[in-house]
Amino acid sequence: QEFTPDTLKISAHIPDTDNNGWIAPNAITANISLRNLFGTPAQNREIRATATLRPIKYTVDNFAKYTFGDTVSNNNLSQTSDMRQQTITIKPESVFTDNNGNATIPLNFDNDIQNNTYILNLTVNGFESASGTGVQTTITTRVSPFEYLVGYHTDTNLAYINRDSKHSVDLIALDKNATAIPLADLQVQLTRRDTITSLIKDYNNYYKYQTTTRDSI
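Residues numbered from 1 in each chain as written. Predicted model: local features only at pLDDT ≥ 70, side-chain atom pairs only at ≥ 80, totals over all residues. Heavy atoms only, no water.

Caption draft 1: The arrangement of the overall build of the protein chain in detail. Of regular secondary structure, the protein chain possesses one helix and 14 strands. For the protein chain, the proportion of its 217 residues judged to be buried stands at 30%. A separation threshold of at least 6 residues defines the contact pool for the protein chain, and within that pool the share at least 24 residues apart is 64%. Accessible surface, the protein chain: about 14800 Å² in total, of which carbon and sulfur atoms supply 46%. (Helix = DSSP H or I, 4+ residues; strand = E, 2+ residues; numbered from the N terminus. Buried < 20%, exposed > 50% of the residue type's maximum accessible area, 1.4 Å probe, protein only. Contact = heavy atoms within 4.5 Å. Areas by Shrake-Rupley, 256 points an atom, 1.4 Å probe, with all protein chains shown as cover.)

Caption draft 2: Looking closely at the nonpolar core. Ranked by size, the top nonpolar core spans 28 residues in total, and within it Ile32, Leu107 and Leu122 carry the most contacts. Those residues in contact with isoleucine 32 that sit more than four places away from it in its chain are Ile10, Ser11, Ala12, Ile47, Gly101, Asn102, Ala103, Ile105 and Val124. Core analysis: the next-biggest nonpolar cluster, separate from the first, contains 10 residues, Phe63, Tyr66, Phe68 and Ile172 among them. (Core = buried A, V, L, I, M, F, W, Y, C linked by side-chain atoms within 4.5 Å.)

Caption draft 3: Seen up close, the environment of histidine 167. Among the secondary structure elements, histidine 167 is positioned in the loop between strand 11 (148-154) and strand 12 (169-175). Considering only alpha carbons, one finds histidine 167 and threonine 156, 11 residues apart in sequence, at a separation of 7.0 Å. With residues near it in sequence (within four places) discarded, histidine 167 still touches Asp155, Thr156 and Ile161. Only 3.1 Å separates the side chain of histidine 167 from the side chain of serine 165, close enough to count as a polar contact. (Polar contact = N/O pair within 3.5 Å; in protein donor to acceptor, adjacent residues only side chain to side chain.)

Caption draft 4: Here's a closer look at the environment of glycine 39. Residue placement: glycine 39 occurs in the loop between strand 2 (28-36) and strand 3 (46-55). Taking the C-alpha atoms as reference points, glycine 39 and leucine 8, separated by 31 residues in sequence, lie 8.7 Å from one another.

Caption draft 5: Looking closely at the sheet that holds strand 2. With respect to topology, three strands assemble into an open sheet ordered 1-2-8, the strand pairing being antiparallel. In this open sheet, the two strands that pair with only one neighbour each are strand 1 (8-13) and strand 8 (102-107). Direction aside, the axes of adjacent strands within the sheet are offset by 20° on average. By the bridge criterion, six bridges tie strand 2 to strand 8 in an arrangement that is antiparallel. Bridge pairing in strand 8 places isoleucine 28 opposite leucine 107. (Pairing = 2+ DSSP bridges. Axes fitted to C-alpha atoms, helices over the stretch in contact; angles between N-to-C directions.)

Caption draft 6: Main features of the pairing of strand 3. As paired strands, strand 3 and strand 7 (residues 95-96) are joined by two bridges and run antiparallel to one another. Within the sheet, the bridge partner assigned to isoleucine 47 lies in strand 7 and is valine 95. In this sheet, strand 9 (residues 118-127) lies alongside strand 3 in antiparallel orientation, the contact comprising nine bridges. Bridge pairing in strand 9 places arginine 54 opposite isoleucine 119. For strand 3 and strand 6 (residues 88-90), the ladder comprises three bridges, and the chain directions are antiparallel. Bridge pairing links leucine 53 to isoleucine 88 in strand 6.

This is the structure we're talking about:
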């Protein structure tokens, strides 16, 4: 197939995403600009988009040693499986550019999304009116329903701690603009997780070992 150069230039921007913070999942809009090769507005051109929310823990440049975000609760599922269940993808209805080559796409996610920290990947395509060829751009931003996040930093690997050893955890709270804020009445919940291995008989009357976990507060 013969190569044909792009005749359009596209850009996308989501308001209030110019810092290291995050935005709420409701009322998200993406502003699209589509231009012809020489910079004139590309009028009445179709714009399509795909948006995906995926759970992720945050890191913030000014607080690089801290980890922010809700730990994905596994409920006896693997973390990868649970993250896949919480991943949401939407395809908004197509829109068309105005006389200035601009368009706005509302991103309406389900209001029942779980409380977590997400990364939003938005892919936008703009199309030529005659040939149907197009250009594409992808942008990312952070999305979370939380008004603030508490980050932690520890002097050891919390996955395994030797008995009777002493360690500390430093905490910090950030608002949506990734600015440190005071936070009163912070409560800490300590959970004990026991791993239990037992010998069971399966449906085929074979014996096998089964490992389960039990949490207690």
